[in-house]
Amino acid sequence: MADLTGIPTMNHLTTARIAPQVTRSHWLAPLAPRSRFSLRAAPQVLALAGAAFGVAPSEQACRAVVQGTRAALWLSPDEQLLLGLEADTASIQADLHAALGKAAYSLVDVSHRQTALEISGPNAADILNGASPLDLSLAAFPVGMCTRTLLDKADIILWRTQHDVFHIEVWRSFTDYVTGLLSVIAREYES
Amino acid sequence: MTQFRAAKGGRIDRSSAIEFEFDGQTYKAHPGDTLASALLANGVHLVGRSFKYHRPRGLLAAGAEEPNALVGVWRDSARYTPNLRATTVEIYPGLKAESQNRSPSLKFDRAGINGLFSRFIGAGFYYKTFMWPKTAWKSLYEPTIREAAGLGRAPTQADPDRYSNRHAHCDVLVVGAGAAGLSAARAAAAAGARVILCDEQAEMGGSLLSDVHTRINGLTASAWVASVLQELKANPRVTLLARTTAFGYFPHNHLGLNEKLTEHVAAPKPDQPRERLWQVRAAEVVLAMGAIERPLVFPGNDLPGILLADAARTYLQRYGVKVGSVVAVVTAHDSAYQTALDLHAAGVKIAVIADTRAEVSGDLAAQAWAAGIRIQHNSTVIGTRGKLRVTGIDLGQVSGSNVQPLESIACDTIIMSGGWTPSVHLHSQSRGKLVWDESLSAYIPGQTAERTRSVGSCRGIFGIAASLADGTKTGAEAAGTTSSITYEVEETRLANTGFIGALPQPGGKPGDKAFVDWQNDVTTKDLALAMREGFESVEHVKRYTTNGMATDQGKTSNMNALAFLAAGLDKPIPAVGLTTFRMPYTPVTFGSFAGYSRGELFDPVRRTAIHDWAQAQGAVFEDVGAWKRARYFPRGNEDMHAAVDRECVAVRQNCGIFDASTLGKIEVVGPDAATFLERLYVNSWANLKVGQSRYGILCREDGFVYDDGIIARLAEDRFHVTTTTGGAARVYAFMEDYLQTEWSDLSVWLTSISEQYSVIALQGPAARRVLEPLVTGVDVSAQALPHMGVVSGFICGIPMRLFRVSFTGELGFEINVPSDYGRAVWEAIYASGQPHGIVPYGTESMHVLRAEKGYIIVGQETDGTMTPDDVGLSWAIGKTKPDFVGKRSLARSSMHAKDRKQLVGLRTQDPKLVLEEGAQIVDSPGQKAPMRLIGHVTSSYHSAVLGHSIALAVVRGGRARVGQTLYVPMPTGDIPVIVTSTVFYDSEGAKLHG
């Protein structure tokens, strides 16, 4: 029986796509759907994958590397979260399978598992610190740093993309909780 | 202005007068007053009744250590806070406060009669008095205790306010902003450190705010405070937190700070949080908590009008309030002389300074002498006069061990000083050791357990110059450097003396009503009684007498109790030991701890992609873990039973659609994926072909069923594993644990895909006809896709993983589509099913349908003590496998005992009777308790399809009992039941394979 994993993505029904609803505000924005892959492999295989993906993965812990429309986030020594355009889902998958061939690795499509939010503005770090126990000073959490962490009772991936801009990846069913929590905190900065 | 408001001085705003209410009466105050200073300014000393004896009590202190003046403060009916210290309540216009523990009024309190019976309610009274007769418990003792217990009244409405939370990090956290804390923060900030400085009071500065004599670098103490605060405020790396109490010291320099944001505001904005909980992780901590003045213990020392000397000075110099007109001073320390001189200068008559010491030297004594104030050496107090306010003091003269009455002196106020006790609370909370300093007669911080340092008077360094130097040196040290900052200080030097224990009394007896712990009404007699009854350990005495307990945590009482015990036991003080200081330092509201976790945000509420559709259809939801799952879909006036009956019949006859998205899903990928599952699950996986799935059982090491689910092989090296909804997270963790700690040799990785896919279960004889028109790229015929087959394809153009599986016993499919498409695909299937009578069904019908087939639910049929064989699943175990988790445990002989509880079916004689889930089972009727219980009902439903009730149960040796009659004893009598097979419906499985 044939391998069942090479599923091409059909894009003609994108109007049927319903992501978790997020109310946009001056500090919070939902990010567009993306293709997401969890790539697990030994470091040398990850480097090989980086060549095919077009982003050399960070060797430094907790750092994201961005190249064009794609990003690779270091989540653990053998784990990268790959982000790309939604339209590239099938090609990313095919390219990586082709490049990695018989190497030992795991590539799993998690595009719909999580949603992405952007927290921005001068109070972004303070709002996050209402629920995140991390030290978000620029010295301790510089631009380009990313980590899996807790936002009170939700698991998130937190990635500082700019001085005062944070990218959050959250499992879709926790989106309401995370945005609700951050919104309550953000009210403290409304004049 | 009243006669008690000083003509000048204080940090209050005299240009503005505000009104507040206490016990229904309106008084005037100035901005900057506390409730305590405002009451004193109005001549009000009587502010509360004591906890146990309901004795009239006044203000003892001016700060957070106040044990007596506990008041209720409210803004409206939903905002009532009991047990606030009047000394820390800031006045705002319209503030409403009331005294507590009195009925009907402070001046006449019915329970004050407790004082008459006080010899019956001494130490440990509740252990002794209410022993007998037994019948008096319900009618007398319990109601009486309930009436007397507790302090203040709890608010009855939900808290309408919001509470904030912040996590923060810093290089140096400084607790306390007096001389030592300010200089420490300044030195650390000068070194470039990230500094947080917090102080519990409205204004930073500590004792410097009531010090009008000391000069620092040529400035008055308060001007110096202002200049330092200005400097720190201008530093972006410094955070200043006033009104912020560091209440708890947690491991790894994690401190809890409670910031009061709106308690002092007359009309807080409705959106403004009331308090903020700061959770600070500090690289280094500097504790500058200061010292608390010790009261003196003598008979009648708790009358209103008797207070600590330093409190009297604070009231005068910080709040411009004179504590009385004629003041008697009792002291063992020089600092009370300064207070006496300040009061004298403000026009208050000082009747006497009764000094416990034999001789006093130094500037202050000389100044007092020069001012014509009478000083009496070798003094003691043998009694006080007055009922609701002190009217006189009875002095005694000490010579050797002999005490002679000396003289009775009229006064309306007594101020006292037993010296100073370093505040070691947070150091102690951080598990730091305390050492006894003989020269100070005090416990001071010793060995630390955290990166923490104590500075100033909280470590026994007294005096402004010494505190500034100590703070500077230590603050810089905490920031990893040294400091060249120095201060020029002009201050009066004080001798470090003091008195601990009870003042000597005639005949060496403790005397009456000599209070050690004001808040908990503990006297020297109580402590003496405890010792007579054999309580020698300080921890036992504390609990027996309640000394140092409750919100007060012994701030004013610990040392005196300790010294009294030591004297009574004839031991040195350090040999008596010390009780542990507990967090919180001062009480913290529940709201502050709850923070944002209330209402919708109490816990995450997880909803599937199909949730909104189900809600629009009127589904009733139930909580399964954090998920909301549709339980049933009532139509018209249907109740749950009617809806479930209809849904079940529809699934059996036509077709039902069910949202199974909450199932846990894990993608197991890698060359060793099959080996990994082989070792983990009881089943064989190596022989599972690509495109097939199998029902898997996961046991724990003890051999008991832990989870179950369908596992599909998508490729040689790729499996799609499903788990129970509730088990998703723990099964994933269980797998990771094994992978990382036991089998790190395996090349396999786990990825949670629970939320990647919406799972739509389509079940019933018409399922294929509903599905067929929607799919492309797959053949869903019985030949191409048999039961347990798995295939990839498209539905409505959306990629899907299609499982032919069934949890109902009907022909069934589970359609996995990427979650954002879940709703669209669901609606497409629902539309396609309309001609076939499709109905949405919920978890309740799912439970009935699976029970009709005898399918178990882990956690319902299993309880952590059931083996696969117990629940009839031994067929699933891979018999030839060398090992799997739990195999060794399952080989134990007890796991094969014939009388183990085994899963069976039960039928009642009355087809309408539905057994109670959890009901016990016995093998003969009419048993008397204790009965011999042989099992219990695990699942029980009415089956509309079968026309009778069905039940699953676990019964000892159950499979050998099929056909027997057993009994379910209920309050209404024994219900006879017949043991049956677990499969009630379609036992040949014809429908399943259709």
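Analysis parameters
Residues numbered from 1 in each chain as written. Chains lettered and ligands numbered in written order. Predicted model: local features only at pLDDT ≥ 70, side-chain atom pairs only at ≥ 80, totals over all residues. Helix = DSSP H or I, 4+ residues; strand = E, 2+ residues; numbered from the N terminus. Rg over C-alpha atoms; globule rule 2.2 N^0.38 Å. Buried ≥ 20, exposed ≤ 12 C-beta atoms within 10 Å, placed from the backbone. Contact = placed C-beta atoms within 7 Å. Pairing = 2+ DSSP bridges. Axes fitted to C-alpha atoms, helices over the stretch in contact; angles between N-to-C directions. Domains from an automatic or database assignment. Nonpolar A, V, L, I, M, F, W, Y, C, P; charged D, E, K, R; others polar. Core = buried A, V, L, I, M, F, W, Y, C linked by C-beta atoms within 7 Å. Parallel < 35°, antiparallel > 145°, perpendicular 65-115°, else oblique. Left-handed = near helix turned anticlockwise from the far one by under 90°. Arc of directions from axis to C-beta.

## Here we look at the overall build of chain A
Part 1 of the reasoning: The helix and strand inventory of chain A stands at 4 helices and 10 strands.
Part 2 of the reasoning: When the helices and strands of chain A are listed from N to C terminus, the series reads β-β-α-β-β-β-α-β-β-α-β-β-β-α.
Part 3 of the reasoning: Against the 2.2 N^0.38 benchmark of 16 Å for 191 residues, chain A shows a C-alpha radius of gyration of 17 Å, consistent with a compact globule.
Part 4 of the reasoning: In terms of principal-axis extent, the alpha carbons of chain A reach across some 60 × 40 × 30 Å.
Part 5 of the reasoning: Relative to its full complement of 191 residues, chain A shows a buried share of 43%.
Part 6 of the reasoning: Across chain A, the fraction of contacts at a sequence separation of at least 24, relative to all contacts at a separation of at least 6, is 59%.

## Some points on the overall build of chain B
Part 1 of the reasoning: Looking only at helices and strands, chain B has 23 helices and 51 strands in total.
Part 2 of the reasoning: In terms of overall dimensions, chain B is more spread out than a globule: its C-alpha atoms have a radius of gyration of 38 Å, far above the 30 Å expected for 994 residues.
Part 3 of the reasoning: Here chain B holds 994 residues, and the buried ones make up 53% of them.
Part 4 of the reasoning: Contacts in chain B between residues far apart in sequence, at least 24 positions, make up 66% of those at least 6 positions apart.

## Examining the pairing of strand β9 (residues 195-198) of chain B
Residues and elements named next belong to chain B.
Part 1 of the reasoning: Side chains Val 195 and Leu 197 project from β9 onto one buried face, and the interleaved Ile 196 and Cys 198 project onto a second face that is buried too.
Part 2 of the reasoning: In this sheet, strand β12 (residues 238-241) lies alongside β9 in parallel orientation, the contact comprising 4 bridges. Residue pairing across strands places Leu 197 opposite Leu 240, the latter belonging to β12.

## Some points on the sheet that holds strand β9 (residues 154-162) of chain A
Residues and elements named next belong to chain A.
Part 1 of the reasoning: One open sheet holds the 5 strands; their spatial order is β1-β7-β10-β9-β8, and the pairing between them is antiparallel. In this open sheet, the two edge strands, each paired with only one partner strand, are β1 (28-30) and β8 (146-151). Sheet twist, expressed as the mean angle between neighbouring strand axes with direction ignored, is 30 degrees.
Part 2 of the reasoning: Pairing of β9 with strand β10 (residues 165-171), which is carried by 6 bridges, proceeds in the antiparallel orientation.

## As for the domain arrangement of chain B
Part 1 of the reasoning: For chain B, the assigned domains are domain 1 (18-120), domain 2 (163-291 + 422-490), domain 3 (659-842) and domain 4 (850-980).
Part 2 of the reasoning: Here domain 2 of chain B and domain 4 of chain B have C-alpha centroids that lie 65 Å from each other.

## Remarks on the interface of chain A and chain B
Part 1 of the reasoning: If you look at the interface, chain A gives 44 residues, while chain B gives 47 residues.
Part 2 of the reasoning: For the side of chain A that touches chain B, the element with the highest residue contribution is helix α4 (residues 175-186) of chain A, accounting for 6 residues.
Part 3 of the reasoning: Classifying every residue of the side of chain A that touches chain B gives 20 nonpolar, 13 polar and 11 charged.

## Quick word on the sheet that holds strand β10 (residues 215-216) of chain B
Residues and elements named next belong to chain B.
Part 1 of the reasoning: Judged by pairing direction, the sheet is antiparallel, and its 3 strands sit side by side in the order β11-β10-β29 without closing on themselves. Strand pairing shows two members of the sheet lacking a second neighbour, β11 (219-220) and β29 (489-490), which therefore form its edges.
Part 2 of the reasoning: The sheet contact formed by β10 and β11 spans 2 bridges and is antiparallel. Counterpart to Arg 215 in the pairing with β11 is Thr 220.

## A short note on the nonpolar core
Part 1 of the reasoning: Counting 162 residues, the largest nonpolar core has Val 178 of chain A together with Val 668, Leu 677, Leu 762 and Val 825 of chain B as the members making the most contacts within it.
Part 2 of the reasoning: Element by element, the count of residues in this core is highest for α4 of chain A, at 7 residues.
Part 3 of the reasoning: Two domains share this core, each providing at least three of its residues, namely domain 3 (659-842) and domain 4 (850-980) of chain B.
Part 4 of the reasoning: Residue contacts for Val 825 of chain B: discarding those within four places in its chain leaves Ile 760, Ile 795, Cys 796, Ile 798, Ile 815 and Val 817 of chain B.
Part 5 of the reasoning: Judged by nonpolar contacts, the second largest core, of 99 residues, contains Ala 36, Ala 38, Val 348 and Cys 411 of chain B.

## With respect to the pairing of strand β49 (residues 948-956) of chain B
Residues and elements named next belong to chain B.
Part 1 of the reasoning: Here strand β46 (residues 901-908) pairs with β49 via 6 bridges, running antiparallel. Within β49, the residue paired with Lys 901 across the bridge is Arg 956.
Part 2 of the reasoning: Pairing of strand β48 (residues 935-943) with β49, which is carried by 8 bridges, proceeds in the antiparallel orientation. Opposite His 936, over in β49, you have Val 954 as the bridge partner.

## Quick notes on the packing of helix α11 (residues 524-532) of chain B against helix α13 (residues 558-569) of chain B
Geometry of a packed helix pair, given as the angle between the helix axes and the separation of the axes.
Residues and elements named next belong to chain B.
Part 1 of the reasoning: As a packed pair, α11 and α13 sit with axes 10 Å apart at the nearest point and diverge in direction by 45 degrees. For the element pair α11 / α13, the angle class is oblique. Judged by the twist between their axes, the crossing of α11 over α13 is right-handed. Residue-level contacts link Thr 524, Leu 527, Ala 528 and Met 531 of α11 to Ala 561, Phe 564, Leu 565, Gly 568 and Leu 569 of α13.
Part 2 of the reasoning: Across the contact of α11 with α13, the residue classes tally to 7 nonpolar, 2 polar and no charged.

## Some thoughts on the packing of helix α6 (residues 309-319) of chain B against helix α7 (residues 335-345) of chain B
All names here are of chain B.
Part 1 of the reasoning: Axis separation between α6 and α7 bottoms out at 9 Å; the angle between their running directions is 35 degrees. Note on packing geometry: the crossing formed by α6 with α7 is left-handed. In this structure, α6 contributes Ala 309, Asp 310, Ala 312, Arg 313, Leu 316 and Gln 317 to the contact, and α7 contributes Ser 335, Ala 336, Gln 338, Thr 339, Asp 342 and Leu 343.
Part 2 of the reasoning: Here the contact of α6 with α7 is composed, by residue class, of 5 nonpolar, 4 polar and 3 charged.

## Digging into helix α8 (residues 363-370) of chain B
Residue and element names in this part refer to chain B.
Part 1 of the reasoning: For α8, the set of buried residues is Leu 364, Ala 365 and Ala 368. Around the axis of α8, the buried residues are gathered within 100 degrees of arc, so they sit on the same side. Residues Ala 366 and Ala 370 are exposed on α8 and point more than 90 degrees away from its buried face.
Part 2 of the reasoning: For α8, the secondary structure elements touched by its buried residues are α7, β19 (349-355) and β20 (375-376).

## A few points about the environment of Ala 189 of chain B
Residue and element names in this part refer to chain B.
Part 1 of the reasoning: As for its placement among the helices and strands, Ala 189 is situated in helix α4 (residues 179-190).
Part 2 of the reasoning: Taking the C-alpha atoms as reference, Ala 189 lies 8.7 Å from Val 172; in sequence the two are 17 residues apart.
Part 3 of the reasoning: In this view, Ala 189 contacts Val 195, Leu 232, Asn 235, Arg 237 and Val 238; residues no more than four positions away in its chain are not counted.

## Thoughts on the environment of Asp 95 of chain A
Part 1 of the reasoning: As for its placement among the helices and strands, Asp 95 of chain A is situated in helix α2 (residues 89-100).
Part 2 of the reasoning: Residues Asp 95 of chain A and Asp 155 of chain A, 60 residues apart in the sequence, show an inter-C-alpha distance of 30 Å.

## Things to note about the environment of Ile 157 of chain A
All names here are of chain A.
Part 1 of the reasoning: On the secondary structure map, Ile 157 appears in strand β9.
Part 2 of the reasoning: On the neighbour-count criterion, Ile 157 (19 C-beta atoms within 10 Å) is partly exposed.
Part 3 of the reasoning: For the pair Ile 157 and Ala 116, spaced 41 residues apart in sequence, the C-alpha to C-alpha distance is 9.4 Å.
Part 4 of the reasoning: If we skip the residues at most four places from it in the chain, Ile 157 touches Leu 73, Leu 81, Cys 146, Arg 148 and Glu 169.

## Topic: unusual backbone geometry
Residues and elements named next belong to chain B.
Part 1 of the reasoning: Residue Pro 584 follows Met 583 across a cis peptide bond; omega there is 0 degrees.
Part 2 of the reasoning: Along the chain, Pro 584 turns up in the loop between α14 (573-576) and α15 (590-594).
Part 3 of the reasoning: Between Ala 929 and Pro 930 the backbone carries a cis peptide bond, its omega angle lying at 0 degrees.
Part 4 of the reasoning: By the element assignment, Pro 930 lies in the loop between β47 (920-921) and β48.
Part 5 of the reasoning: Although it is not a glycine, His 54 sits at a positive phi angle of roughly 55 degrees.
Part 6 of the reasoning: Position of His 54 among the secondary structure elements: in the loop between β3 (48-49) and β4 (56-57).
Part 7 of the reasoning: Given 22 C-beta atoms within 10 Å, His 54 falls into the buried group.

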